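Breakdown of the fold
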Amino acid sequence: MKIDLIALGTKMPSWVEQSSQEYIKRFAPPWQFNLIEIPIPKRHKNRSINTLIQQEGQALLQASSKTSMRIALDEHGPSMNSKALAKMLEKLRQQHSHIALLVGGPDGHSDECRNTCEQTWSLSPLTLPHGLVRIIVAEQLYRAVALIQGHPYHRD
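The rules we used
- Residues numbered from 1 in each chain as written.
- Predicted model: local features only at pLDDT ≥ 70, side-chain atom pairs only at ≥ 80, totals over all residues.
- Heavy atoms only, no water.
- Buried < 20%, exposed > 50% of the residue type's maximum accessible area, 1.4 Å probe, protein only.
- Helix = DSSP H or I, 4+ residues; strand = E, 2+ residues; numbered from the N terminus.
- Pairing = 2+ DSSP bridges.
- Right-handed = clockwise from strand over helix to strand, strands pointing away.
- 1 Å grid on protein atoms, 1.4 Å probe; cavity = no way out; pocket = protein on both sides within 12 Å on 5 of 7 lines; lining within 4 Å.
- Points joined across faces, edges and corners; volume = space filled by probe spheres on them.
- Nonpolar A, V, L, I, M, F, W, Y, C, P; charged D, E, K, R; others polar.

Quick notes on the pairing of strand β4 (residues 98-103)
Within β4, six of the six residues are buried, which leaves it mostly tucked inside the rest of the structure. The alternating pattern of β4 places His 98, Ala 100 and Leu 102 and Ile 99, Leu 101 and Val 103 on opposite faces, both of which are buried. One ladder, built from five bridges, connects strand β3 (residues 69-73) with β4; its direction is parallel. Bridge pairing links Leu 73 to Val 103 in β4. After leaving β3, the chain enters helix α3 (residues 82-95) and then returns to the sheet as β4, a path that is right-handed.

Examining the layout of surface pockets
The computed volume of the largest pocket comes to approximately 390 Å³. Contributing to the lining of the largest pocket are 19 residues, with Leu 73, Asp 74, Glu 75, Leu 128 and His 130 lying nearest its centre. For the lining of the largest pocket, the residue count by class is eight nonpolar, eight polar and three charged. For the second largest pocket, the calculated volume is near 190 Å³. Forming the boundary of the second largest pocket are 14 residues, of which Met 80, Leu 85, Ser 122, Leu 123 and Gln 140 lie nearest the centre. Sorting the residues of the lining of the second largest pocket by element identifies α3 and α5 (130-149) as the ones contributing at least two each. Per-element accounting of the lining of the second largest pocket gives the leading share, four residues, to α5. Grouping the constituent residues of the lining of the second largest pocket by class yields ten nonpolar, four polar and no charged.

This is how it looks when you write it as structure tokens:
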């Protein structure tokens, strides 16, 4: 299964790059995890927040394959624990060969983006920095794959 994490923002601190890559490199066939970074539109006092949110949503949708199952990562979606995520991922793998997880910009997802996605997931009720989201998603998806494969990475 191919999993794309499509995130707005291209200039992450080195600790974010190192940490997320540590988990990304652990994925082995038949699993493939890709991080796709999209530049955030420049914020100017003359541009409305709604315009920026719309542009960001369009960029996320364009970066995701139309054949992938799109999932918005959003604080308003349902949350799940690691075992539930593994069950969800296994179910998705049986139905789809490609999923795209979309991380919105600082002001969240556009309505168009949220409505185009087939599911919405919440990582936490907390507001998380975008760099940390990349690490958490990579680690939790690796953990889910380990659970699916019976690897001892996850301990109860």
